Structure formats: structure tokens, C-alpha cells
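# Observations on the three-dimensional arrangement
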Amino acid sequence: MLLVSAPILGIPEKAALSKVIDSGWLTMGERVRAFEEAFAVMHGADDCVAVSSCTAALHLILHALGIGPGDEVLVPALTFVATANAVLYVGATPVFVDIESSDVPLMSIAEAEARCTSRTKAVILVHFAGYLANAEQWQRFARARGLHIVEDAAHAPGLKEVGQFGAAAAFSFYGNKNMTTAEGGAVIARDPDLRDRIRQARGHGMTTGTHQRLNSRSPQYDVTMLGFNYRMDEMRAAIGLVQLQNLQEWNEIRRIVVVLYRRLMATHCPAVTIPFSEPRRSAYHIMPILLPRYVVRQDVIDELRAQGIQTTIHYPPVHQMTLYRELFPGTHLPRTEDFAQRELTIPLHPQITSPVAEAVVAALAAALDSCAQAGTAA
Ligand SMILES: *Cc1c(COP(=O)(O)O)cnc(C)c1O
């Protein structure tokens, strides 16, 4: 099966893991610190905080910004559920905002404006599929209303601009992301005070970590806030340090595969549209396409699966999940819903060669043909 995404792991990761085990120090030690420094440098940031997941990162950011009950946070619905869940974790209300268009499936500024109230405190921008939101426009929007900008940058690691939009950015190193630590995440926060609060809340609200106490004369620590256990361990950081060395090259290969897909699709699947037709900075996390309205998506999925090609959907909209329908009934986002109904994500990762991309597009062209005929016959 050709998977939609697949991590690249090998001898260097195994060697790095062995070294951690030989060292006898398993969590929050030198490797976590080295990973934080390297990840920060790649994004032109002073520092960063490694955590256990992107979900934890989002929770810590909202917590450290003091967002809580009575506050509203603008979020897209075309995202993974974690984006909105993090808002619920702090007791605030996620307010779903529609996308700009099927060509630019990022949060619409006009729609965001319409959903703002006196309770709105922040906006979470998702760089969907790796394509960056417009920093200047969102900064102007947020400044005018005194809102915090939080980036859910799960799809966009490795781009210098990410982490510079506003208060902070959350990254994911889950197994299907552009780089992985199996489970893991990071926060880039520009303000050192905000970063310190996030760092402290990551580890139970304690004033020092275990490793710091090893190197200090005093075994004392205090707890000055209600924190969480969102730590990263040394095994994950060791894998992350290896993966980070490859991230820029992998993102560049992803870009080349996307260029190839776009060219092949224009020739062989002219009825398919591909979002982000205008050039835009991207980490090319996934390859979303929009199927023509005359085919039944499930039939195309089945045909491709029979050819050994996995596809997925990004995303079943969050506001349509049972939990969110029950919490916020009557939410209607027509552009998001239309996009999500027609979207199909085809395989994109750095191990996709030209012949593989050609085979995917050929299989898609054949599937569209046979599904169209089946539709006509019916
Ligand atoms: C993967 C993902 C997350 C969650 O990341 P975890 O590290 O699994 O918590 C959040 N937001 C988006 C947009 C994602 O793609």
C-alpha cells in the first residue's frame, strides 16, 4: 500500500536511541535542550519549548495567554479536532470561522471579522496543508482588535516565518508529520515571559526541572502555578535531532513532488482542481485535491485502494463532529462544508519518486473515468 504519509526512519535514529539508553538519562535532559535550541535556530527564534504533542503545545499557549471561561477564540473548522479541543481545555469557547474559498482553504479574514465579539481574545491560524496564512493581513486584523495570534503550525515546520505571526506557534512531531519524534511537539513563543510560563506549566508548574537540580547545589523547588505533565523525553528528542537535520531537504523534495503532481494532474485529470493555484510559501505537508462534482468520492477512494493507493480526507469539519454539534448546534460553514465534501488527500512524502507520482495520477484518472461512467449508467 502506498501511504498518504510515511515517516523516514533509519540507522541514525536507531543509533541515537541506543545512545540515550546507554546514557541512563531518559527524560528532559541534554538532548531535549539541544533539540529545543536546534528547532529554535531553524525558525529564527531565540528559544523554544519541547513538549509531548502539538495538542499540549496549543493548550499551554492558551493557558499561558490567560485565556479562559467567558473568552472566545476564532478557529477554523477545516482542521484536526485538537485545534478546537485546546480552546475547550482552558474553558473558553471556540468560534468556528469559514474558509476563504475552495482555492484558498485558509480562514477567511472577512468571516473572522463577522464572528468577532467583545469576548474574542485570540485567533488560531492553521497553515492548512503547509500553506502559510497571510501574516501582514492577520497582524493588522489582530492589532486592530487587540487579539492574540496563535499558530497551529502542525503542517508547517521548517519555515522561518512560522512562529513570527503573533504570540506563539505550536508544532507537531506526530508520526505522519513532516518530521517526527513518534509523539511530540514544540512551542515557539517570542515573548520570553510567555515562554517562561509555558516552560514552567509544561512540568507541573515547578520552578526547576530534574536535570537543572542535578547541576545545581540546591535540591529545592517550588510550585507556583497549576501546571501539567507535557514533557518531552530524551528518546524523542534524540530522534528529533536526527530528523531535524533532514527537514529542509525533505520539505524541498515535497515541493518538487507537488510541482510534478500539479503538472501531471493538469494533463491527465483536468476535471480535478488543486487548491492554492497561486504561489504561496508552504512546507507541503499534504496534497489535497478537489474531485469533480459528478463523481462519488467513496467510489474513487475504493478504486484507488484496489490499486494499492491510500487516500484520506482533510478534514471532516470539526463543527460537524458529534461532540461539537452537541455543544454548538446550528453552526453552518458553507465553504468549509463544500470543500470537505469534495476533498481527497493523495500520497505526499519525500519517498515518492516521479514514477510513483505518475502511477498515482494514472490510477486517479482511471478511477475518475470509471466512476463517471458508473454515475452515468446509474
Ligand atoms: C496533527 C495535528 C495536530 C495535533 O498534533 P499532535 O502532536 O498529535 O497533538 C493539531 N493540529 C493540526 C492541524 C494537526 O495536523
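The structure this text deals with has already been given above.
Structure report, in brief. (Residues numbered from 1 in each chain as written. Predicted model: local features only at pLDDT ≥ 70, side-chain atom pairs only at ≥ 80, totals over all residues. Heavy atoms only, no water.)

## Focus: the overall build of the protein chain
Cut-off, in case you're wondering: Numbering of helices and strands runs from the N terminus, with a helix taken as a DSSP run of H or I at least four residues long and a strand as a DSSP run of E at least two residues long. For the radius of gyration, the atom set is restricted to C-alpha positions; the globular benchmark scales as 2.2 Å times the number of residues to the power 0.38. Only protein chains enter the accessibility calculation, which uses a 1.4 Å probe; a residue whose area is less than 20% of its type maximum is buried, one above 50% is exposed, and one in between is partly exposed. In this analysis, two residues are considered to be in contact whenever any of their non-hydrogen atoms come within 4.5 Å of each other. The Shrake-Rupley method, run with a 1.4 Å probe sphere, supplies the accessible areas, and residue values consider only the shown protein chains as cover. This count recognises Lys and Arg as positive and Asp and Glu as negative, with His and chain-terminal groups excluded. Think of each charge as sitting on NZ of Lys, CZ of Arg, CG of Asp or CD of Glu.
Of regular secondary structure, the protein chain possesses 13 helices and nine strands. For the protein chain, the C-alpha radius of gyration of 22 Å lies close to 21 Å, the compact-globule estimate for 378 residues. Across the 378 residues of the protein chain, 53% fall into the buried class. Expressed as a percentage of contacts within the protein chain between residues at least 6 apart in sequence, the contacts between residues at least 24 apart total 72%. Total accessible area on the protein chain is roughly 16,600 Å²; 53% of this is exposed by carbon and sulfur atoms. Charged side chains of the protein chain number 33 positive and 37 negative; the gap between the two group centres comes to 3 Å.

## Some details on the sheet that holds strand E2 (residues 72–76)
Backbone-to-backbone hydrogen bonds join strands into a sheet, with any given pair of strands oriented parallel or antiparallel. This is how the line gets drawn: Strand pairing requires that DSSP identify at least two bridges connecting the strands. Axes here refer to lines fitted to C-alpha atoms; in helices the fit is confined to the stretch in contact. Angles between the N-to-C directions go from 0 to 180 degrees.
Across the sheet, which stays open at both edges, the seven strands sit in the order E1-E7-E6-E5-E4-E2-E3 with mixed pairing between neighbours. For this open sheet the edge positions go to strand E1 (49–51) and strand E3 (93–97), each flanked by a neighbour on one side alone. Strand-to-strand twist of the sheet, defined as the mean angle between neighbouring strand axes without regard to direction, takes the value 25°. By the bridge criterion, five bridges tie E2 to E3 in an arrangement that is parallel. Within E3, the position partnered with Leu-74 by the bridge is Val-95.

## As for the environment of Ala-201
As for its position among the elements, Ala-201 is in helix H7 (residues 192–202). For Ala-201, a relative accessible area of 1% gives the class buried. Separated by 141 residues in sequence, Ala-201 and Leu-60 place their C-alpha atoms 6.9 Å apart. If we ignore the near neighbours within four places in the chain, the residues touching Ala-201 are Leu-60, His-63, Met-225, Gly-227 and Phe-228.

## Quick look at the pattern of salt bridges
The line we're drawing: Salt bridges, as used here, are contacts in which a Lys or Arg side-chain nitrogen is within 4 Å of a carboxyl oxygen on Asp or Glu.
Applying the stated criterion across every chain, the model contains 16 salt bridges. Across the salt bridge formed by Glu-72 and Arg-119, the nearest N and O atoms sit 3.0 Å from each other. Here the residue Glu-72 occupies a position in strand E2, and Arg-119 occupies one in the loop between helix H5 (109–115) and strand E4 (120–126), the gap between them amounting to 47 residues. With a relative accessible area of 11%, Glu-72 lands in the buried category. A relative accessible area of 41% means that Arg-119 is categorised as partly exposed.

## Details of the site of the ligand
Counted only if it meets this: Near is defined per residue: the residue qualifies when any heavy atom it owns lies within 4 Å of the molecule or strand. Counted as a polar contact is a pair of N or O atoms within 3.5 Å, where, for protein atoms, one must be capable of donating a hydrogen and the other of accepting one, and residues adjacent in sequence contribute only when both atoms are in side chains. Charged means Asp, Glu, Lys or Arg here, nonpolar means Ala, Val, Leu, Ile, Met, Phe, Trp, Tyr, Cys or Pro, and polar covers whatever is left, Gly included.
Lining the immediate surroundings of the ligand are 16 residues, of which Thr-55, Asp-152, His-155, Ser-172 and Lys-177 lie closest. Between the ligand and the protein, one listed contact pairs an oxygen atom with a backbone N or O atom of Cys-54 at 2.9 Å. Separating an oxygen atom of the ligand from a side-chain N or O atom of Ser-172 is a distance of 2.7 Å. Of the residues assigned to the shell around the ligand, the class counts are seven nonpolar, seven polar and two charged.

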